[in-house]
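# Residue-level structure breakdown
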Amino acid sequence: MVTWENYEEYMLLYADRELSDVQQQQLMDFIALHTELQQELDMYDATRLIPVTEEVYTDKESLLKSLPVKRSISLRRTWVYSAAAVMLLLASIGIFRWGQNTGTQQINVAQVPRSTKPSASIDTPQQNSTVPIQQKETAPIVVEQKEKHNAASEKQSNQGPTTPSITKQAIAHEPILVKNESIEKINIVPVQVAKVTIAVEHKAVEIPVASISRSEVKVANNPTVNKTNKKYNYLLASLPFSKERRKGLNELKNAVANGVQQVRTASYNLKASDLRLKIGNKDVLVVKL
Amino acid sequence: MELKDYNACVHQWSDALFRFARKCTGNEEDARDVVQNSFEVLWQKREEVRTEKAKAYLFQVGYRQSVDIYRRKGRIQYKEQLEHTDTTTHSNHDLKKILERALELLDEQQKALVLLKDYEGYSYEEIAQITGLSDSQVKVYLHRARKTLKEYLVKVENII
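Residues numbered from 1 in each chain as written. Chains lettered and ligands numbered in written order. Predicted model: local features only at pLDDT ≥ 70, side-chain atom pairs only at ≥ 80, totals over all residues.

### A word on the overall build of chain B
From N to C terminus, chain B includes eight helices and zero strands. Walking chain B from its N terminus toward its C terminus, one meets helices and strands in the order α-α-α-α-α-α-α-α. Per-residue burial over chain B gives 38% buried out of 160 residues. (Helix = DSSP H or I, 4+ residues; strand = E, 2+ residues; numbered from the N terminus. Buried ≥ 20, exposed ≤ 12 C-beta atoms within 10 Å, placed from the backbone.)

Spelled out as structure tokens, the structure:
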């Protein structure tokens, strides 16, 4: 109920928009009865402030927030480094493998044509050899069949025990091709072959024939080797040496060839020792071969 | 409150907060500082503030900062300016401008209450939450401010 005692409070509440509809109607009724209060009501109503909507905060962008930057950059960098390291490792392995194959071919092919397929056949010699050779016990023994025999060597080998030194000369440079990474146990067994290739899978290591003698020889179909052997055999045959001396010379030649072959093998193995990947001064990866 | 809610608050309430701070402090640069600081506080407390309470929280922070600035810089300066302009520009018939000058007669608390009531339409209870006053205090202070403003308007009208 609006009275002369509380009408001002009603006007203040009206200016604050806190009157209910009923209260507002009561106030209006009271003002209608006392019109001299209308101006006072208008003054209170005029105290209401009207916001200036044109006044805006222009720098909103500085208030906006974005998602915190994740540390994916460093992860991305790590990923790139890892990918680079893997690529480098693969490239190194590829180069290493390529070099390994190339090296093997250089050593073997230069002297003996590669066997097309490992087999267990052994050339049957026409003469029994009493000289032991080094042979892996467990590895399959493969005798390389030469497609084209050296005429001189074959002729000499068919002559029997009268010309064993020439045969020995012919095989002096012939290595035994052992295709196995590890040769654990080596026995010395007498073999009656001219050229023996011990072949297993994986890797090839050459073992020089140190002391094959008095055997039927099928000389490798390598023009360079054949030529060298021919020359050597011819020179040896032309010398007025006794059979024992020729045998001794042959063994000496074989020993030298053996030494040379061992040096070659050691050199080759040294090249293929380790694979080490370094970034800066830090060893990232070391592959023991 | 999530990031998107916060950014929505920036777009929705930064202008109102700026106008409120502008009237409270009487200075645009101070008002900008108030807005910047208020939103920074809201961002820091976003885990605790619910989205529907964000506006009240912003105005609460803005009110306190505006009052601090007003008190730090001194109300005397503004009142002196007001009295000076009041005596020299009383011929201005624009009610809006007269009312703005009348607003300078109020202390920082009354001014804030009037602004919160008229600009933002808060109820007594909401204003009490923002300002930390009781409902009855809000009502009393606000009515006191209205009477001051009305008296000023009557006075100017009589002069005119």
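### Points about the overall build of chain A
Across its full length, chain A carries eight helices and eight strands. Here chain A, with 289 residues, has 27% of them falling under the buried criterion. Restricting to contacts in chain A with at least 6 residues of sequence separation, those with at least 24 account for 74%. (Contact = placed C-beta atoms within 7 Å.)

### Overview of the interface of chain A and chain B
Every contact between the two is made by 21 residues of chain A and, on the other side, 29 residues of chain B. Going through the elements one at a time, helix H1 (7-15) and helix H3 (38-46) of chain A are the ones with two or more residues in the side of chain A that touches chain B. Per element, the largest residue contribution to the side of chain A that touches chain B is three residues, and it comes from H3 of chain A. Taken together, the residues of the side of chain A that touches chain B break down into 14 nonpolar, one polar and six charged. (Nonpolar A, V, L, I, M, F, W, Y, C, P; charged D, E, K, R; others polar.)

### As for the environment of Thr25 of chain B
Checked against the element boundaries, Thr25 of chain B lands in helix H1 (residues 3-25). Excluding residues that lie within four positions of it along the chain, Thr25 of chain B makes contacts with Asp30, Ala31, Val34, Ser66, Ile69 and Tyr70 of chain B.

### Here we look at the packing of H1 of chain A against helix H2 (residues 21-33) of chain A
All names here are of chain A. One way to put it is that H1 packs onto H2 with a least axis distance of 10 Å and a crossing angle of 125 degrees. Relative to H2, H1 is oriented oblique. Between H1 and H2 the crossing geometry is left-handed. In this structure, H1 uses Tyr7, Tyr10 and Tyr14 to contact H2, whose residues at the interface are Gln23, Gln24, Leu27 and Phe30. (Axes fitted to C-alpha atoms, helices over the stretch in contact; angles between N-to-C directions. Parallel < 35°, antiparallel > 145°, perpendicular 65-115°, else oblique. Left-handed = near helix turned anticlockwise from the far one by under 90°.)

### A few points about the confidence of the model for chain A
Summary statistics for chain A give a mean pLDDT of 66 and a share of 51% for residues scoring 70 or more. In the predicted structure, residues 188-220 of chain A sits below a pLDDT of 50 and forms 153 contacts with residues beyond four places in sequence or in another chain. (pLDDT = per-residue confidence, 0-100.)

### Quick look at helix H7 (residues 124-131) of chain B
Because the α-helix completes a turn every 3.6 residues, residues three or four places apart line up on one side. Taken together, the buried positions of H7 of chain B are Tyr124, Ile127, Ile130 and Thr131 of chain B. Taken end-on, H7 of chain B shows its buried residues confined to a sector of 120 degrees, consistent with a single buried face. (Arc of directions from axis to C-beta.)

### Overview of the confidence of the model for chain B
Residues and elements named next belong to chain B. Within chain B, residue pLDDT values average 83, and 85% of them lie at 70 or more. Note that pLDDT drops below 50 for residues 78-92; the model gives that stretch twelve contacts with residues more than four away or on any other chain. Interface scoring of the predicted complex returns ipTM 0.79; its pTM is 0.47.

### Topic: the environment of Glu126 of chain B
Secondary-structure assignment places Glu126 of chain B in helix H7. In this structure, the C-alpha to C-alpha distance between Glu126 of chain B and Leu116 of chain B, residues ten residues apart in sequence, is 9.2 Å.

### Observations concerning the nonpolar core
The biggest cluster of nonpolar side chains holds 45 residues, and the ones touching the most others in it are Leu17, Ala21, Val35, Leu58, Leu113 and Leu116 of chain B. Looking at which element gives the most residues to this core, the answer is H1 of chain B, with nine residues. Residue-level mapping places this core at the junction of two domains, with at least three residues from each of domain 1 (1-73) and domain 2 (93-160) of chain B. Leaving out residues up to four positions away in the same chain, Leu58 of chain B has contacts with Cys9, Trp13, Leu17, Ser38 and Leu42 of chain B. Core analysis: the second largest hydrophobic core is formed by nine residues, Val2, Tyr10, Ala15 and Tyr44 of chain A among them. (Core = buried A, V, L, I, M, F, W, Y, C linked by C-beta atoms within 7 Å. Domains from an automatic or database assignment.)

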